[in-house]
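Structural features, examined
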Amino acid sequence: MNNFITRTLSAIVYAGVVVGSILVQPACFGGHMLLFGIVFMLVSTLAVREFHRLVGGSDVKIQSYAMMANALLFCTLYFFFYGDLVWRWLLFAYVAVLLLTMIVHLFREKVNAVESWGNLCAGQLMIALPFALMSGVVFYHKWLMLALFILIWVNDSGAYIVGSLMSKRKGGNHKMFPRVSPAKSWEGLIGGFVFDLIAGYVFFRVGWTASLGLTAYPLLDSLLFALVVGVFGTLGDLMESLMKRTVGVKDSGRFMPGHGGVLDRFDSLLLAVPVVYFLFVYLPTIL
């Protein structure tokens, strides 16, 4: 019971921070999504720190460089999408930090340089970049970013509800990837997709599709958006599960009581954000 209360309170705070950072813009921040930028720059930096603690041990110096690079990348894309030319200086600083991180291995005898370089690049590509691309989504339309989060939460809830119900039936659930995530089933996967498609239809019916800019074929675009988030959100979740299985841990950290680490809560974004940005923000501008 105590664990349920802890998980519930943590989930409420988590949802409140996410929704508040997207929708609430205090006058002192100028209304330019600066609150969102600050919150998710910190979240992404913590996520990168978790990643390097998992794969790179306790090398504090490398963790520090990786966190600095993450913050610079996030700020670079934030100001790039905002239209401020300061992004050019930030990009220079970002590249400089990456190069410094690689060069410093020349003076560290007991570190596997190739492994450390690989971890650095993996952390930037798999975690830092997806979080940074959130700036592109939120500057395109903050409601699109909120819709993405809602669909991820709906997918998780649908998968859990359907998976739990089907597990009580004769024959139980059919496991998807027991080697990676023993709890996930094909029944839960389908349930999550169905819940997402229903949410996408609701977005269309209440007129939210038009406000999101998905107006070429409103119903089709809304359902496609929901399905894309469901599919790639699930794949991002599985990718993070594979990483944890590989290093032999259950949770990525202890950041959120009852929920594990930052990566455990935001893993569905790792693939969903880049794909949503490419398909629904970037691609329409070049077609």
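Above this note sits the structure.
Our focus in this paragraph is the pattern of salt bridges. Under the criterion given, the structure shown has 3 salt bridges. Asp264 is the partner of Lys244 in a salt bridge, and the nearest nitrogen-oxygen pair spans 2.8 Å. With Lys244 in helix α9 (residues 218-247) and Asp264 in helix α10 (residues 262-266), this residue pair connects regions lying 20 residues apart in the sequence. Classification of Asp264 by relative accessible area gives buried; the value is 7%.

Where helix α6 (residues 142-167) meets helix α11 (residues 269-286), the closest approach of the two axes is 12 Å, and the angle between their N-to-C directions is 135°. Taken together, the axes of α6 and α11 are oblique relative to one another. Of the two possible hands of crossing, α6 and α11 adopt the one that is right-handed. Listed contacts from α11 to Leu144, Met145, Leu148, Phe149 and Ile152 of α6 are Leu269, Ala272, Val273, Val276 and Val281. Across the contact of α6 with α11, the residue classes tally to 10 nonpolar, no polar and no charged.

This brings us to the packing of helix α3 (residues 60-82) against helix α4 (residues 86-103). Where α3 meets α4, the closest approach of the two axes is 8 Å, and the angle between their N-to-C directions is 160°. Classified by the angle their axes make, α3 and α4 are roughly antiparallel. Considering the relative orientation of α3 and α4, their crossing is left-handed. For the pair α3 and α4, contact is made by Ile62, Tyr65, Met68, Ala69, Leu72, Leu73, Cys75, Thr76, Phe79 and Phe80 and by Val86, Trp87, Leu90, Leu91, Ala93, Tyr94, Val97, Leu98, Leu100 and Thr101, respectively.

What follows concerns the environment of Cys75. Tracing the sequence through the fold places Cys75 in helix α3. The spacing of Cys75 and His141 is 66 residues in sequence and 18 Å in space, taken between C-alpha atoms. Apart from residues lying up to four places away in sequence, Cys75 is in contact with Met41 and Leu90.

Moving on: the packing of aromatic side chains. Between two aromatic rings, the relevant description is the distance of the centres plus the angle of the planes. Going through the model one piece at a time under the given rule, you end up with 18 aromatic pairs. Ring geometry for Tyr14 and Trp153: centres 5.8 Å apart, planes at 70°, overall edge-to-face. Note that Tyr14 is positioned in helix α1 (residues 2-23) and Trp153 in helix α6, a separation of 139 residues in sequence. On the basis of relative accessible area, Trp153 is assigned to the partly exposed category, the value being 23%. Ring geometry for Tyr78 versus Phe79: centroids 5.3 Å apart, planes at 80°, classification edge-to-face. Residue classification places Phe79 among the partly exposed positions, given a relative accessible area of 23%. One aromatic cluster in this structure is built from Tyr14, Phe36, Phe40, Phe131, Phe149, Trp153 and Phe266.

As a further point, take a nonpolar patch on the surface. Together, Tyr160, Ile161, Leu165, Ile190, Val194, Phe195, Ile198, Val202 and Val206 make up a nonpolar patch on the protein surface, roughly 860 Å² of accessible area in all. Top element by residues in the nonpolar patch is helix α7 (residues 186-205). It accounts for 5 residues. Checked against the element boundaries, Val202 lands in helix α7.

To continue, consider the environment of Leu72. Mapped onto the elements of the fold, Leu72 is located in helix α3. Relative accessible area serves as the criterion here: at 17%, Leu72 is assigned to the buried category. Considered as a pair, Leu72 and Trp87 are 15 residues apart in the sequence and their alpha carbons are 9.3 Å apart. Filtering out sequence-adjacent residues up to four positions away, Leu72 remains in contact with Leu90, Ala93, Tyr94 and Val97.

Another aspect to go through is the nonpolar core. Within soluble globular proteins, side chains that are nonpolar generally end up buried alongside one another. Counting residues in each nonpolar core, the largest one holds 61 residues, and the members touching the most others are Phe40, Phe131, Met145, Phe149 and Phe266. Dropping the residues within four chain positions of it, Phe40 is found in contact with Val18, Ser21, Phe74, Phe131, Met134, Phe149 and Phe266. Counting 5 residues, the second largest nonpolar core, distinct from the first, contains Met176, Leu189, Phe193 and Leu238.

The rules behind the values
Residues numbered from 1 in each chain as written. Predicted model: local features only at pLDDT ≥ 70, side-chain atom pairs only at ≥ 80, totals over all residues. Heavy atoms only, no water. Salt bridge = Lys/Arg side-chain N within 4 Å of Asp/Glu carboxyl O. Helix = DSSP H or I, 4+ residues; strand = E, 2+ residues; numbered from the N terminus. Buried < 20%, exposed > 50% of the residue type's maximum accessible area, 1.4 Å probe, protein only. Axes fitted to C-alpha atoms, helices over the stretch in contact; angles between N-to-C directions. Parallel < 35°, antiparallel > 145°, perpendicular 65-115°, else oblique. Left-handed = near helix turned anticlockwise from the far one by under 90°. Contact = heavy atoms within 4.5 Å. Nonpolar A, V, L, I, M, F, W, Y, C, P; charged D, E, K, R; others polar. Phe/Tyr/Trp six-rings, centres within 6.5 Å; stacked < 30°, edge-to-face > 60°. Patch = residues over 30% accessible without salt bridge, like charges linked within 9 Å, V, L, I, M, F, W, Y side chains within 5 Å. Areas by Shrake-Rupley, 256 points an atom, 1.4 Å probe, with all protein chains shown as cover. Core = buried A, V, L, I, M, F, W, Y, C linked by side-chain atoms within 4.5 Å.

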